[in-house]
Amino acid sequence: MLETTIAAIRPADEAAMAAARELHGRLTKPAGSLGALEELSVRLAGLAGACPPPLPEPAAVAIFAGDHGVHAQGVSPWPQEVTGQMIGNFLAGGAVVNAFARQAGASVTVVDVGVATPLPTGPIADPAGSESAGSEPAVLDPAVPRLVVASVRRGTRDFTVTAALTRDEALAAVQTGIRIADELIDAGAGILLTGDMGIGNTTPAAALIAAFTGADPLDATGRGTGIDDPTYAHKVAVVRSALARHSPDPADPLGVLAAVGGLEHAALAGLILGAAARRTPVLLDGVIAVSAALAAAAFAPAAVGAMVAGHRSAEPGATVALRHLGLDPLIDLGLRLGEGTGALLALPVVTGAVRVLHEVATFDSAGVAEK
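Here the structure is a predicted model, which is why all the values come from computation and not from measurement.

About the thresholds
Residues numbered from 1 in each chain as written. Predicted model: local features only at pLDDT ≥ 70, side-chain atom pairs only at ≥ 80, totals over all residues. Heavy atoms only, no water. Helix = DSSP H or I, 4+ residues; strand = E, 2+ residues; numbered from the N terminus. Buried < 20%, exposed > 50% of the residue type's maximum accessible area, 1.4 Å probe, protein only. Salt bridge = Lys/Arg side-chain N within 4 Å of Asp/Glu carboxyl O. Expected span 1.5 Å × (residues − 1). Contact = heavy atoms within 4.5 Å. Axes fitted to C-alpha atoms, helices over the stretch in contact; angles between N-to-C directions. Left-handed = near helix turned anticlockwise from the far one by under 90°. Nonpolar A, V, L, I, M, F, W, Y, C, P; charged D, E, K, R; others polar. Core = buried A, V, L, I, M, F, W, Y, C linked by side-chain atoms within 4.5 Å. pLDDT = per-residue confidence, 0-100.

(A) Region of interest: unusual backbone geometry. That bond from Cys 51 to Pro 52 is cis: its omega, -5 degrees, falls within 30 degrees of zero. Residue placement: Pro 52 occurs in the loop between helix H3 (36-48) and strand E1 (59-66). Positive phi outside glycine occurs at Ser 247, with the angle close to 45 degrees. Summarising the element assignment, Ser 247 is placed in the loop between helix H9 (229-246) and helix H10 (253-260). Ser 247 gets classed as exposed once you look at its relative accessible area, which sits at 56%. In this structure, Arg 279 takes a positive phi of about 55 degrees despite not being glycine.

Below, the structure is given as C-alpha cells:
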C-alpha cells in the first residue's frame, strides 16, 4: 500500500497554476492585493490540476492518538492515562477541537493507533472503513465524533533504551493513516485536517524534526504542555541521547519513524501521503503534524504540494520543520494545544482563498475599468 500510494503522488500541475495566476490578474482587485492567499489558491489549483480548484469542503479532522514509552523518562508532568481520557472527551464533544470543529462545520474522527490504556466505548469502525459490531459506515457528520480503533500496539517502546517501533509496526501505522485518508475522501471530504493526542508526544516530534532537518535538539525541542526549566533541560538531553543511540538516517523515513517516532506521527505521515495521492489538500496543525510532514516529504517530496501550514506552533521545532518544508503558516497565535485546533482556525482562510477564484468577478464581466 505505501509503495502504490507514493507512486500515485505527482508534482503540481503547472498549467493549472498558470491559469490561476492569469485569472487572478483579471479579477476586480489590484494585482497581488490578496497577498499570500493568491499563492495559496495557485498552489491548490496545481494540486487539483484544475482552475479554479474545488472548494475545500466539507472538512474532516483526523485525530490520531498514541502513547509513548519515553514518557517513563519524565519528559511530561501529565500522567499517561490522560491520552485515553481525552479521547473520551473528544467523543463527548467537550474538547477545544470539538468547539472549533462545530464552528467550522468539520467532522471529527478519532483514531486509536496506539493508546496504552483502555478506551471509553463509542462508535467503532475498522481502519478500512468497513462496519464492525455496532458501528456505522464512515459519515462526515460534524455533530457526531467518531472513534476508529486501529491500534498497532499499546504505546511505543522507550526510545532511550531501544527503537520505539519495529519497521513493521511503523509501516502498519503509516498504512493506517493512508486508509483513513482514503476513507474520509471516499466519504466526501474536500480537505483533511491533522489532529493528534498523546501525552509526551512532543518529545518524539522533536527527535523527528532534528533527525530530518539536522537541527540541534535544543532548537527542535520545546516545552510541550509547559514544563519547567529543569524538565526542559532533561527533555533536550533525552532527545539528544536518543538520536546518538539510533543515528536515524533521514533518507530512510520508515527507519526514522521506527527509531524515534510515535504511532500517531507515523499515521499522520500516512494521512498526508494518502491525501497527496488523491490530490486532496491536507491542512497541517502544530508541531506533531509538521514533524510527521517531514517524514511524508522524505517518502515523497511531491507530497509537500498537498500540504498547507495552518499555523505556527509556539513549539520552536515547528518553525524549524516549516522552514525545511518551505511552508509559510497562515496564522500565528502562539498556540500549542494540538488536537487540530490551529488547523481548524486556519480553515476559513483556505476556503476563502479558493472562493475568490470561484466567485469574484473579472474586470470584463463586471464592467470595471482597469488601470
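What follows continues from the structure just given.
(B) Looking closely at the pattern of salt bridges. Inspection of every chain in the model, using the stated rule, returns 14 salt bridges. As a salt-bridge pair, Arg 223 and Asp 229 come within 2.8 Å of each other at their nearest N and O atoms. A single salt-bridge network, built from bridges that share partners, covers Glu 57, Arg 355 and Glu 359.

(C) Just H3, in detail. Over its 13 residues, H3 extends 18 Å from the first C-alpha to the last, a length consistent with the 18 Å expected when each residue adds 1.5 Å. Those residues of H3 that sit buried are Glu 38, Leu 40, Ser 41, Val 42, Leu 44, Ala 45, Gly 46 and Leu 47. Elements that come into contact with the buried residues of H3 comprise helix H2 (14-26), strand E7 (307-309) and helix H14 (341-359). In the stretch just after H3, Gly 49 is the one whose phi turns positive, near 70 degrees.

(D) Region of the structure containing the side chain of Thr 156. Assignment of secondary structure puts Thr 156 in the loop between strand E4 (146-149) and helix H6 (167-186). Since its relative accessible area comes to 9%, Thr 156 is described here as buried. In this view, Thr 156 contacts Asp 67, His 68, Gly 69, Ala 164, Leu 165, Gly 261, Gly 262 and Leu 263; residues no more than four positions away in its chain are not counted.

(E) Highlighting the packing of helix H7 (residues 202-213) against helix H13 (residues 316-325). Between H7 and H13, the least distance of the axes is 10 Å, while the angle of their chain directions is 35 degrees. The way H7 lies across H13 gives a crossing that is left-handed. Where H7 approaches H13, its residues Ile 209, Phe 212 and Thr 213 are matched on the opposing element by Gly 317, Ala 318, Val 320, Ala 321 and His 324. For the contact of H7 with H13, a count of residues per class yields five nonpolar, three polar and no charged.

(F) Main features of the environment of Gly 74. Relative to the helices and strands, Gly 74 is located in the loop between E1 and helix H4 (82-92). Owing to a relative accessible area of 37%, Gly 74 belongs among the partly exposed residues under this scheme. In this structure, the C-alpha to C-alpha distance between Gly 74 and Thr 231, residues 157 residues apart in sequence, is 7.6 Å. Excluding residues that lie within four positions of it along the chain, Gly 74 makes contacts with Thr 231 and His 234.

(G) Quick look at the environment of Ala 266. Here Ala 266 is to be found in helix H11 (residues 263-277). Taking the C-alpha atoms as reference points, Ala 266 and Leu 254, 12 residues apart in sequence, are found 8.4 Å from one another.

(H) Representation of the packing of H2 against H3 within the structure. Following both chains from N to C, one finds H2 and H3 inclined at 145 degrees, their axes separated by 7 Å at the closest point. Between H2 and H3 lies a crossing whose hand is right-handed. Contacts between H2 and H3 involve Ala 16, Met 17, Ala 20, Arg 21 and His 24 on the former and, on the latter, Glu 38, Glu 39, Ser 41, Val 42, Ala 45 and Gly 46. A breakdown of the residues in the contact of H2 with H3 according to their chemical character gives five nonpolar, three polar and three charged.

(I) Broad picture of the nonpolar core. Membership of the largest hydrophobic core comes to 115 residues, with the highest contact counts inside it found for Phe 90, Leu 192, Leu 193, Leu 271, Leu 283 and Met 307. If near-sequence neighbours (up to four positions away) are discounted, Met 307 is found in contact with Arg 43, Ile 272, Val 282, Leu 284, Ala 293, Ala 296, Ala 297, Leu 325 and Leu 327. Counting residues in hydrophobic clusters, the runner-up holds eight residues, among them Ala 20, Leu 23, Leu 27 and Val 356.

(J) Summary view of H4. Residues Val 82, Thr 83, Gly 84, Met 86, Ile 87, Phe 90 and Leu 91 constitute the buried set of H4. Of the surrounding secondary structure, the elements contacted by the buried residues of H4 are E1, helix H5 (96-104), strand E2 (107-114), E4 and strand E5 (191-197). Two residues or fewer past H4, Gly 93 is found with a positive phi of approximately 80 degrees.

(K) Structural detail: the confidence of the model for the protein. The share of residues in the protein with pLDDT of 70 or more is 95%, and the mean pLDDT across the chain is 93. In this model, residues 123-135 is a region of pLDDT below 50 whose contacts with residues beyond four sequence positions or in other chains number 31 contacts.

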